[in-house]
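So the chains spell out like this:
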Amino acid sequence: MLVFGALVIATLTAYFYFRVGTNATVFDGFGRQVYEAPFMLRLVEVNHWRGLGWFLLDMVVFWSALGLGMALVAFGFGRR
């Protein structure tokens, strides 16, 4: 449950909390600078983009944490 909670908090921090820094620079909750999304992403209503490298890292962390959480739950139910 702790892994799931950490995953939810990290997701909310990374994707839903933006703050404007000096010179109207936009940052996400982790302090990464956010840019205007490329044209193709704006077609599916993605307005902010952190870059391909950050996107790939976010996906690896997200799916790894989700898999770890599911494995821990399965392990917990298998022990009974």
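Quick caveat, the model's predicted, so the values are computed rather than measured.

S.K.: What is the right way to look at helix H3 (residues 52–78) in this model?
M.R.: Because an α-helix completes one turn every 3.6 residues, residues spaced three or four positions apart along the sequence face the same direction. The terminal C-alpha atoms of H3 lie 39 Å apart, and with 27 residues this matches the ideal 39 Å at 1.5 Å per residue to within 8%. Within H3 the residues assigned to the buried category are Asp58, Ala65 and Gly69.

S.K.: Got a minute to help me understand the packing of aromatic side chains in this structure?
M.R.: Each aromatic ring pair is specified by the distance between its two centres and by the angle formed by the two planes. Counted under the stated rule, the structure contains 2 aromatic pairs. Here Phe62 and Trp63 contribute two aromatic rings whose centre-to-centre distance is 4.9 Å and whose plane-to-plane angle is 85 degrees, an arrangement assigned as edge-to-face. For Phe62, a relative accessible area of 26% corresponds to the partly exposed category. Given the relative accessible area of 53%, Trp63 is considered exposed.

Conventions adopted
- Residues numbered from 1 in each chain as written.
- Predicted model: local features only at pLDDT ≥ 70, side-chain atom pairs only at ≥ 80, totals over all residues.
- Heavy atoms only, no water.
- Helix = DSSP H or I, 4+ residues; strand = E, 2+ residues; numbered from the N terminus.
- Expected span 1.5 Å × (residues − 1).
- Buried < 20%, exposed > 50% of the residue type's maximum accessible area, 1.4 Å probe, protein only.
- Phe/Tyr/Trp six-rings, centres within 6.5 Å; stacked < 30°, edge-to-face > 60°.

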